[in-house]
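# Structural overview for review
What follows is the residue order along each chain.
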Amino acid sequence: MNPVKVGICGLGTVGSGTFNVLLRNRESIQARVGADIVVAQVGARRENPACDTGSVPVTPDIFEVARNPDIDIIVELIGGTTVARELVLEAIANGKHVVTANKALIAEYGNEIFAAAQEKGVSVAFEAAVAGGIPIIKALREGLAANQVQWLAGIINGTGNFILTEMREKGRDFADVLAEAQALGYAEADPTFDVEGIDAAHKLVILASIAFGIPLQFEKVYTEGITRISTDDVNYAEELGYRIKHLGIARCDDKGIELRVHPTLIPEKRLIANVNGVMNAILVMADAVGPTLYYGPGAGSEPTASSVVADVVDVARTLTAEPKHRVPYLAFHQDTLSDHPVMPIEDIYSAYYLRMSALDKPGVLSKIAQILSDAGISIEALIQKQPAEDADHVPVILLTSITQEKLLMQAVAEIEALDSIADEVVRIRVESLAG
Ligand code: HSE
């Protein structure tokens, strides 16, 4: 087989890692593919000292790479959704296969991109878009192809997990840990994407489409970040035997599909509760195999490059296969995708952690208990702290039974309206993630 020619667009953290891995492991990759894989051109505005491009031509015009008639596969690593979308569509229009690590692009424009790619008979591969170096797309799309996936829950933003871990283990300040994640190259260009849950929502929507055979519906993901989590909540959760993790949860049943990203209390004994730092993990529950857990680095130069290069290998291996015989973009063939509805957050069921600041006087707790009981919600655990010196309010922390979100929200509104309650009631969902 002739050498497969690759054009890399973007030479940042992931681009330089991809270049280096392709070069360093060239021989073993050739032995796996049955053809040499050669970087024929790089599109980047500037060189990156983290990699030596040597004699490989580098152009500042990424569209030149997309139109280069010698190139078989374009690797899009520029990020963002505006120029990246144009670049990918241009590459497809020119008959190139595409490999991308761009979760925002796939989550928001994947349906359009796959339609264009199908029309042209080319592949679009995006393993690196979700959970960096963990081959979770391949696991869901191919390894679990025998199963009906029931639900999945993942720690899919390394920056957020790093921040929550440092807060819990070292009591460190939120902003300080975020600055470190940025310096280490884990955080997004706009770190609000990490801490407000948008990055995790991008990844969740991709996982859900592949798991359940539905079109990408980013606008329907309920998204809550970690900016309102305090060290107090982290510590109270620990006292109750839980860890707070920022989870992406997707669940499919007869009523519909849940797509939600939010901080979640999970029992500390679960393996996934012990995934710390920048590491990612995805727990998948499927009917035939039961629970499986996928763990690894969710960001970083060569971990992400590992997934990018695996996609290049996959695409190179299919270059002689008919388009209809390739693995479908979203695991299920485009004309079989289902219109099963995504449910509004008010309709989901969960248990809840509630923290409130209550006036320290007789009868207050019983009023709170009455409101919850009137809503059919029982209290599973309760902590009340001693008042601090001179303070007239005390922290009260409750764990509720499983209830519907809209009932819980009504009860919380009634509790917040009591004269004896100061401030907003902090509310964090609790998931057992039991098999
Ligand atoms: N900002 C992302 C994270 C990078 O922290 O997980 C990998 O997608």
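Note that the structure is predicted; figures quoted are calculated from it, not measured. (Residues numbered from 1 in each chain as written. Predicted model: local features only at pLDDT ≥ 70, side-chain atom pairs only at ≥ 80, totals over all residues. Heavy atoms only, no water.)

## Here's the deal with the packing of helix α1 (residues 13-24) against helix α12 (residues 301-317)
The criterion, for reference: Lines are fitted to the C-alpha atoms to define the axes, a helix being fitted only along its stretch in contact, and any angle between axes, read from their N-to-C directions, falls within 0 to 180 degrees. Strands are runs of DSSP state E lasting at least 2 residues, helices are runs of H or I lasting at least 4, and numbering of each runs from the N terminus. Left-handed describes a crossing whose near helix is turned anticlockwise from the far helix by less than a right angle; the clockwise case is right-handed. The contact criterion used throughout is that any non-hydrogen atoms of two residues lie within 4.5 Å. Residues are grouped as follows: Ala, Val, Leu, Ile, Met, Phe, Trp, Tyr, Cys and Pro are nonpolar; Asp, Glu, Lys and Arg are charged; all remaining types, including Gly, are polar.
Relative orientation of the contacting elements α1 and α12 amounts to 65°, with a least axis distance of 8 Å. Classified by chirality, the crossing of α12 by α1 is right-handed. Across from Thr13, Val14, Ser16, Gly17, Thr18, Asn20, Val21, Leu22 and Arg24 in α1, the residues of α12 making contact are Ser301, Glu302, Thr304, Ala305, Val308 and Val309. Partitioning the contact of α1 with α12 into residue classes produces 6 nonpolar, 7 polar and 2 charged.

## Structural notes on the sheet that holds strand β1 (residues 4-9)
Formally: DSSP bridges decide pairing: two strands pair if at least two such bridges lie between them.
Pairing is parallel across the open sheet formed by 6 strands, whose spatial order is β3-β2-β1-β4-β5-β6. A single partner strand is all that each edge strand has here, and the edge strands are β3 (58-59) and β6 (124-125). Across 4 bridges, the pairing between β1 and strand β4 (residues 73-76) is parallel. Residue pairing for β4: valine 6 is matched across the bridge by isoleucine 73. This element, α1, spans β1 and β2 (37-43) of the sheet and lies at about 155° to β2.

## Section: the domain arrangement of the protein
Put simply, the rule is: Bear in mind that the domain bounds are from an automatic or database domain assignment. Values labelled buried area give the accessible surface lost by two parts on being combined, using a 1.4 Å probe and summing over both. Salt bridge, as used here: a side-chain nitrogen of Lys or Arg that lies within 4 Å of a carboxyl oxygen of Asp or Glu. N or O atoms closer than or at 3.5 Å make up a polar contact, with two conditions inside protein: a donor-capable atom paired with an acceptor-capable one, and, for residues adjacent in sequence, both atoms drawn from side chains.
Segmentation of the protein into domains returns domain 1 (4-133 + 301-334), domain 2 (136-297) and domain 3 (347-430). At the junction of the two partners, domain 1 supplies 23 residues and domain 2 supplies 24 residues. Summed over both partners, the interface of domain 1 with domain 2 comes to about 2,000 Å²; 65% of that surface belongs to carbon and sulfur atoms. Contact with domain 2 buries area across many residues of domain 1, yet Lys103, Ala107 and Val130 alone supply 27% of it, more than any other trio. Along the contact surface separating domain 1 from domain 2 lie 3 salt bridges. Taken together, the connections running from domain 1 to domain 2 amount to 10 residue pairs in polar contact (both at pLDDT 80 or more). Elements with a minimum of two residues in the side of domain 1 that touches domain 2: α5 (103-120) and α12. Residue contributions to the side of domain 1 that touches domain 2 peak at 8 residues, all from α5. A breakdown of the residues in the side of domain 1 that touches domain 2 according to their chemical character gives 15 nonpolar, 4 polar and 4 charged.

## Notes on the environment of glycine 171
Its place among the elements puts glycine 171 in the loop between α7 (158-170) and α8 (174-183). Along the chain, glycine 171 and alanine 181 lie 10 residues apart, while their C-alpha atoms are 16 Å from each other.

## Points about the pattern of salt bridges
What counts is decided by this rule: With a 1.4 Å probe rolled over the protein chains alone, any residue whose accessible area is under 20% of its type maximum counts as buried; one over 50% counts as exposed, and the rest are partly exposed.
Within the structure shown, the criterion is met by 30 salt bridges. Ionic pairing is found between glutamate 112 and arginine 85, a salt bridge with its closest N-O pair at 2.9 Å. Placement of the pair is glutamate 112 in helix α5 and arginine 85 in helix α4 (residues 82-93), with a sequence separation of 27 residues. When its relative accessible area of 32% is taken as the criterion, glutamate 112 is described as partly exposed. Taking relative accessible area as the criterion, arginine 85 reaches 26% and is therefore assigned partly exposed.

## So, the packing of aromatic side chains
Where we set the bar: Stacked, edge-to-face and tilted are the three classes for Phe, Tyr and Trp ring pairs, Trp counted by its six-membered ring, which pair at centre distances within 6.5 Å; planes under 30 degrees apart are stacked, over 60 edge-to-face, the rest tilted.
Applying the stated criterion across every chain, the model contains 3 aromatic pairs. Plain terms: the ring middles of phenylalanine 114 and tyrosine 329 are 5.0 Å apart, the flat faces sit at 5° to each other, and that makes the pair stacked. Taken together, the positions of phenylalanine 114 in helix α5 and tyrosine 329 in the loop between α12 and β13 (349-359) put the pair 215 residues apart, joining distant regions of the chain. Residue phenylalanine 114 shares its accessibility class with tyrosine 329, and that shared class is buried. Considering the side-chain rings of phenylalanine 162 and tyrosine 186, the 6.5 Å spacing of their centres and the 75° angle between planes classify their relative orientation as edge-to-face. With phenylalanine 162 in helix α7 and tyrosine 186 in the loop between α8 and α9 (192-195), this residue pair connects regions lying 24 residues apart in the sequence.

## Considering the nonpolar core
Where we set the bar: Throughout, nonpolar core names a set of buried Ala, Val, Leu, Ile, Met, Phe, Trp, Tyr and Cys residues whose side chains join them through atoms within 4.5 Å.
By size, the foremost hydrophobic cluster in this structure holds 58 residues, and its most contacted members are Val124, Phe126, Ile136, Leu140 and Ile206. Every element with two or more residues in this core is listed here: α3 (62-67), α4, α5, α6 (136-143), β7 (149-155), α10 (198-212), β10 (256-267) and β11 (279-286). Tallying contributions element by element places α10 first for this core, with 10 residues. In terms of domain composition, this core takes at least three residues from each of domain 1 (4-133 + 301-334) and domain 2 (136-297). If near-sequence neighbours (up to four positions away) are discounted, isoleucine 206 is found in contact with Lys103, Ile106, Ala107, Phe126, Ala129, Val130, Ile137 and Leu216.

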